[in-house]
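# Survey of secondary and tertiary structure
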Number of protein chains: 2
Amino acid sequence: MKVVIVGGVAGGMSAATRVRRLVPDAEIIVLERGEHVSFANCGLPYYIGGTIEHRSALLLQTPESLHDRFALDVRVRHEVLTIDRAAQTVQVRDHRAGVDYTQDWDHLVLSTGAAPVVPSVPGAERALTLRDVADADVIAEAAARSRTAVVAGAGFIGLEMAENLHTRGLSVALVELSGQVLPPLDPEMAQPVLDHLRTQGVSVHLGSGIQRIDATTVVLDDGSTLPADLVIMAIGVRPDSRLAAAAGLTTGPDGGVVVDASLRTRDPRIHAVGDLVQKTDAVSGQAGLVPLAGPANRQGRLAADAIAGRAVHDGDSQGTAVISVLGLTAAVTGWNEKRLRAAGRRHRIVHIHPLAHAGYYPGATPLSIKLLIDAQTDQILGAQAVGTEGVDKRIDVLATAMAARMRASDLLRLELAYAPQYGTAKDPVNMLGYLAENLANGTTANIQWHEVEAARAAGATVVDVRTAAEFAAEAIPGAINLPLDELRHRLGELPPGRLIVHCQVGQRAHSAVCLLRGRGRDAVNLDGGLLTWRAGNLARGEL
Amino acid sequence: MKVVIVGGVAGGMSAATRVRRLVPDAEIIVLERGEHVSFANCGLPYYIGGTIEHRSALLLQTPESLHDRFALDVRVRHEVLTIDRAAQTVQVRDHRAGVDYTQDWDHLVLSTGAAPVVPSVPGAERALTLRDVADADVIAEAAARSRTAVVAGAGFIGLEMAENLHTRGLSVALVELSGQVLPPLDPEMAQPVLDHLRTQGVSVHLGSGIQRIDATTVVLDDGSTLPADLVIMAIGVRPDSRLAAAAGLTTGPDGGVVVDASLRTRDPRIHAVGDLVQKTDAVSGQAGLVPLAGPANRQGRLAADAIAGRAVHDGDSQGTAVISVLGLTAAVTGWNEKRLRAAGRRHRIVHIHPLAHAGYYPGATPLSIKLLIDAQTDQILGAQAVGTEGVDKRIDVLATAMAARMRASDLLRLELAYAPQYGTAKDPVNMLGYLAENLANGTTANIQWHEVEAARAAGATVVDVRTAAEFAAEAIPGAINLPLDELRHRLGELPPGRLIVHCQVGQRAHSAVCLLRGRGRDAVNLDGGLLTWRAGNLARGEL
Ligand SMILES: Cc1cc2nc3c(=O)[nH]c(=O)nc-3n(C[C@H](O)[C@H](O)[C@H](O)COP(=O)(O)OP(=O)(O)OC[C@H]3O[C@@H](n4cnc5c(N)ncnc54)[C@H](O)[C@@H]3O)c2cc1C
Ligand SMILES: Cc1cc2nc3c(=O)[nH]c(=O)nc-3n(C[C@H](O)[C@H](O)[C@H](O)COP(=O)(O)OP(=O)(O)OC[C@H]3O[C@@H](n4cnc5c(N)ncnc54)[C@H](O)[C@@H]3O)c2cc1C
Ligand SMILES: CC(C)(COP(=O)(O)OP(=O)(O)OC[C@H]1O[C@@H](n2cnc3c(N)ncnc32)[C@H](O)[C@@H]1OP(=O)(O)O)[C@@H](O)C(=O)NCCC(=O)NCCS
Ligand SMILES: CC(C)(COP(=O)(O)OP(=O)(O)OC[C@H]1O[C@@H](n2cnc3c(N)ncnc32)[C@H](O)[C@@H]1OP(=O)(O)O)[C@@H](O)C(=O)NCCC(=O)NCCS
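Residues numbered from 1 in each chain as written. Chains lettered and ligands numbered in written order. Predicted model: local features only at pLDDT ≥ 70, side-chain atom pairs only at ≥ 80, totals over all residues. Heavy atoms only, no water.

The name an unreviewed UniProt entry gives chain A is FAD-dependent oxidoreductase, with Promicromonospora aerolata as the organism. Annotation of chain A in UniProt includes, under Sequence similarities (unreviewed entry), the sentence "Belongs to the class-III pyridine nucleotide-disulfide oxidoreductase family." On record in UniProt, under Cofactor (unreviewed entry), the comment for chain A is "FAD". (UniProt positions renumbered as here; feature names shortened; annotations may be inferred.)

Laid out in structure tokens, this is it:
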């Protein structure tokens, strides 16, 4: 059996090693256009920033080590130009030797990844992008000669680049067309990241695209000019599917190659994996792109299983992702609110702001978590979290619960590891379950920060149940103050009509809402309290 | 509705506050024998050690705050002496006023917790135990006057006490009757904790009980005498079910009160929760004790729901727990191997020793994880982990997967948050799924550290596929060395019969085993490699 693999990194090399383990006698040829295989793409920004000191740390394997260990025939600087499906061959250009040749195969695996999108603005040829080690070398070298940088795109890679150039001592401006950083998050959840970037000295420009790139500056749509010795484009990636498409393999509207659950393209002898392919979205069941290392590694291995003749069924994708931004962590899984609203899908939302570990044990820091829940089935549709501690843990637990199709209410039953250094007796994840169950069974109801104005226009009153001192320090304009501990005795003072009850985070308001509803009042909790309301309004520029 | 609650901490007070939220007009009386309610039991050791500086941090609520906020009638130093079920009353002793009185109720909730077990050895009256704030005061005061301490019991509370007395500067000896520290873990998983304790200067005495306690020393069964200005007993807790049992409520063999899924005792008007009650074990479906704060809080809330007339179904218990021991973290969920073997339950095991985050990013530390799998259904039966980073995260993810009744193989599909600071592209949890699937579908087979000798006696050969240098530095006695990278060409050198293949952790051996099995050899992987083999043999004193 002759297996040819195009692309020798996450998906491709995982397929190669696994084929070797399952089919000891297979002939396995890996064709890689670049200089390196098996490198740590995800480490590139930190090499540029200097946190990863030695470039060699990025090179997890070499053609030699892969030959010795796995008897793989790894050919770097070998680019596949075309696929001839009828002949079962690929046309290869050996950039080292400067020759082209034809390579035959029984099975072909495509793992050509995704390429950074570069907009066609004037001067774009000066912008650098980051995909592989060679790119990192170019950027590191350019950074050493630069004092100022503009990074376009505030997604994961853009933020990592902004952080790392900032760490290197450059003066960094981050430019993002959408109105927020980290578009996979909802705006009120991304707000702390924005605040943190600015506090740390990164200048952030939202809602504006790049109009043109000049010799030493970048000019934005809004007319402002930013100094830019260095320009990085990180506005997204697109499946590198030219080769596949030219061979007549089906691609979707986003450019991703269409594969079935066993990762076969429409040609059953050709498998495709990783950033190159469409994945099945866990929420909608529809095709989408999830350019992440975990799925790429998994799919590479599964394609090998399929080639070895095994029954294979790749699962859905949730797109779980995490980022560290100058010490702050943000993570996400599944769908966000923006997407649910755009799709018109009925949902419930809860926001909490708990401590990451017990408050009585030193060093506890706050965390913000948002859970998106199917209003019909109570299933988890997505989650987001931001904080300095335990963020990745909570998102991983929620991603697991989501993958298991647990109901949000069932989170209250999870037995999670508790000692005061690690969490709270009711872990934040359990707390999400409490809140979700309270909504599911009608114990309470909540309202989102962006729904307050409409509710007020319809006659609702905002009631702040925090203390008078808290109210005096900061309050929602127009709110009235009636502290929780006095509420029971002062119910008569409340105006008629709907009451939007809030406190700092939602917890005291919950007890207040229960009391008011018990007394027959139409009361709802302002979800996430003043903190979420403030973040949301800051995010839309209304504070 | 008049609700009387006995015990005002985790379970009891959670019930009280939730009844208030669901039944605004209920009369709620909390009777607590001790001086404090709503205190952080789990913080007590750290208050003694000085990490938690202020005693007030332990007191999360006071009778006054609970009255103001929740209109609870909280009576401290009120001990319930008897329950009269027919009359629906309790007999109460008010230790402050020095009077007894009768209190009637419509619903009674028992959350009297568990009491430390004290063995009846001579001198035991000098030993101190830790359950509440008053105990902590006594111990803190005694510790201030002591230079040496003996802590009996190397479970969670015993280890926390050993750590904290050590941190305070006492010379600490830890005595444990069983042959290992942290009995909820298997011996090879507890071994790093033992090593760490010793390295940090705690003297540990295993396999020996306390014979007697003298004025300034403790004498062990093995005859040795340990200096002990202070003696702490932490050999376990037992449900404090005297009150319940005296009232004719059913208790199990372990002393736990028997409740149904809605936390009702055999008297439907009496609910019982927390450490006091038997829980349903998630693996066996049988009754067992799980004296932990998470379940106590959850059950308190659920009992309130039941009292409010809701349909309630408490889930199974896995007993997920975590501990920090002088900077090392150990955590566990579900069953361990000892228990599975004792129960004769067919299982599979995998051990891994991955890095907690990507090796190419600075600061990555190793982690050891053990997964216990049902051999018939591939379901997760339990997990253990030890390390300095990301231990609680992995156990929480595994506990969630276990609660969701996920198959172990499905762990490979979990999409967990990956950036190099937080994990690896194949997270350790995914890796467990890979290993589990390889066993489930027969891709490979493994053998445990304690099975090696029997297999050798039956003719098997141990083959070490690490490098010659690694082999020279440390090897399993009698093993032969054939490095993985040479194996393919030197297959003929291997002796006939079964081959037990190993490397440092199991990963290289896996590729070797695949190759050997592909060539028709009967090869198995020594699970967890040299590291697990060494830990296991150290644990049983054979190294
Ligand atoms: C800077 C950066 C940071 C990242 N950080 C994270 C992170 O923190 N977490 C995370 O989950 N993911 C991260 N990712 C994404 C992750 O690296 C990818 O999802 C993953 O590498 C995809 O694997 P793949 O095999 O599909 O593609 P790749 O790893 O990109 O490999 C594709 C390979 O195919 C080769 N190739 C393409 N066309 C041809 C051809 N015609 N002939 C021969 N070879 C060809 C390319 O040269 C390339 O080496 C990051 C990516 C980048 C660039
Ligand atoms: C030192 C220590 C450390 C711990 N660390 C952890 C940890 O890290 N993680 C974890 O999950 N768990 C930990 N626990 C266990 C956790 O504290 C318990 O599981 C939890 O508190 C049980 O709640 P409960 O309501 O059942 O009982 P408790 O919280 O013990 O409350 C019972 C109360 O009932 C009162 N009472 C008893 N009898 C009567 C009576 N007749 N009349 C009136 N009042 C009565 C008692 O005075 C006591 O205050 C720890 C426990 C201790 C002691
Ligand atoms: C590393 C790479 C070459 C793949 O090699 P690999 O041998 O398949 O993968 P790993 O080294 O992670 O080892 C995993 C294998 O070892 C097995 N294994 C791991 N630990 C084990 C243990 N302790 N005991 C037994 N088996 C073990 C796994 O089951 C798996 O084998 P399987 O696929 O047959 O089930 C490829 O993933 C790669 O090039 N990665 C770098 C690029 C990348 O991922 N970039 C994106 C992220 S920065
Ligand atoms: C704290 C204690 C008094 C219980 O009080 P409580 O109000 O029920 O619990 P919490 O303060 O944790 O708040 C949880 C409630 O607020 C709600 N809540 C929490 N955050 C919220 C938010 N952001 N928005 C809306 N509601 C929120 C929860 O849903 C829950 O209400 P519910 O039970 O009606 O669903 C009791 O658990 C106790 O005494 N604990 C200390 C002792 C202990 O646990 N010891 C062992 C561990 S050290």
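## Thoughts on unusual backbone geometry
Negative phi values dominate among residues other than glycine, just as trans dominates among peptide bonds. Residues and elements named next belong to chain A. The phi angle at Arg-405 is positive, at roughly 55°, despite the residue not being glycine. Residue position: Arg-405 is located in the loop between α10 (391–403) and α11 (428–440). With relative accessibility at 42%, the residue Arg-405 sits in the partly exposed group. (Helix = DSSP H or I, 4+ residues; strand = E, 2+ residues; numbered from the N terminus. Buried < 20%, exposed > 50% of the residue type's maximum accessible area, 1.4 Å probe, protein only.)

## A word on the interface of chain A and chain B
Tallying the contact residues gives 83 residues for chain A and 83 residues for chain B. When chain A packs against chain B, close to 6,900 Å² is buried across both sides, 55% of that on carbon and sulfur atoms. On inspection of chain A and its partner chain B, the count reaches 12 salt bridges. We note a salt bridge from Arg298(A) to Glu415(B), for which the minimum N-O separation is 3.0 Å. Elements with a minimum of two residues in the side of chain A that touches chain B: α1 (10–22), α3 (63–70), α8 (293–307), β20 (321–325), α10, α11, α14 (484–487) and α15 (507–518) of chain A. When grouped by side-chain class, the residues that make up the side of chain A that touches chain B number 39 nonpolar, 21 polar and 23 charged. (Contact = heavy atoms within 4.5 Å. Buried area = accessible area lost by both parts, 1.4 Å probe. Salt bridge = Lys/Arg side-chain N within 4 Å of Asp/Glu carboxyl O. Nonpolar A, V, L, I, M, F, W, Y, C, P; charged D, E, K, R; others polar.)

## Considering the packing of helix α6 (residues 187–199) of chain A against helix α16 (residues 529–539) of chain A
All names here are of chain A. Running from N to C, α6 and α16 point in directions that differ by 80°, and their axes come no closer than 8 Å. As the angle between them shows, α6 and α16 are arranged roughly perpendicular. Along the contact surface, α6 presents Pro-187, Glu-188 and Gln-191, while α16 presents Thr-532, Ala-535, Gly-536, Leu-538 and Ala-539. Of the residues that constitute the contact of α6 with α16, the class distribution is four nonpolar, three polar and one charged. (Axes fitted to C-alpha atoms, helices over the stretch in contact; angles between N-to-C directions. Parallel < 35°, antiparallel > 145°, perpendicular 65-115°, else oblique.)

## Overview of the relation of the copies chain A and chain B
Each copy superposes on the other: chain A lies on chain B with an RMSD of 0.0 Å after a rotation of 180° and an axial shift of 0.0 Å. Such a combination of rotation and displacement between the chain copies is what one expects of a two-fold axis. A high fraction, 100%, of the interface residues of chain A reappear at the interface in chain B, so the copies pair face to face through one surface. (Least-squares fit on C-alpha atoms with pLDDT ≥ 70 in both.)

## Thoughts on the packing of aromatic side chains
Under the definition given, this model contains two aromatic pairs over all chains. With 5.2 Å between their ring centres and 85° between their planes, Tyr46(A) and Tyr361(B) make a pair best called edge-to-face. Highlighted residues: Tyr46(A) in helix α2 (residues 44–49) and Tyr361(B) in the loop between β22 (347–352) and β23 (367–374), drawn from two different chains. Overall, the relative accessible area of 15% leaves Tyr361(B) in the buried class. Across from the ring centre of Tyr434(B), 3.9 Å away, lies the NZ or CZ of Arg301(A), which sits over that ring. (Phe/Tyr/Trp six-rings, centres within 6.5 Å; stacked < 30°, edge-to-face > 60°. Lys NZ or Arg CZ within 6 Å of the ring centre and 35° of its normal.)

## Observations regarding the site of ligand 2
In the vicinity of ligand 2, 31 residues are found, and the nearest of them are Tyr418(A), Gly11(B), Glu32(B), Ser111(B) and Asp275(B). Neighbouring residues of ligand 2 are distributed over chains A and B. Between an oxygen atom of ligand 2 and a side-chain N or O atom of Asp275(B), the distance comes to 2.8 Å. For ligand 2, whose accessible area on its own is 990 Å², the fraction buried by protein is 93%. Among the elements of the structure, α1 (10–22), β2 (27–32), β4 (78–84) and α8 (293–307) of chain B are those that each provide at least two residues to the shell around ligand 2. (Near = heavy atom within 4 Å. Polar contact = N/O pair within 3.5 Å; in protein donor to acceptor, adjacent residues only side chain to side chain. Areas by Shrake-Rupley, 256 points an atom, 1.4 Å probe, with all protein chains shown as cover.)

## A few points about the UniProt feature "domain: Rhodanese" (unreviewed entry) in chain A
Per the UniProt record, "domain: Rhodanese" (unreviewed entry) is annotated on residues 456–542 of chain A. In this annotation, residues 456–542 of chain A is assigned 40% helix and 16% strand; the end-to-end C-alpha distance for the span is 16 Å.

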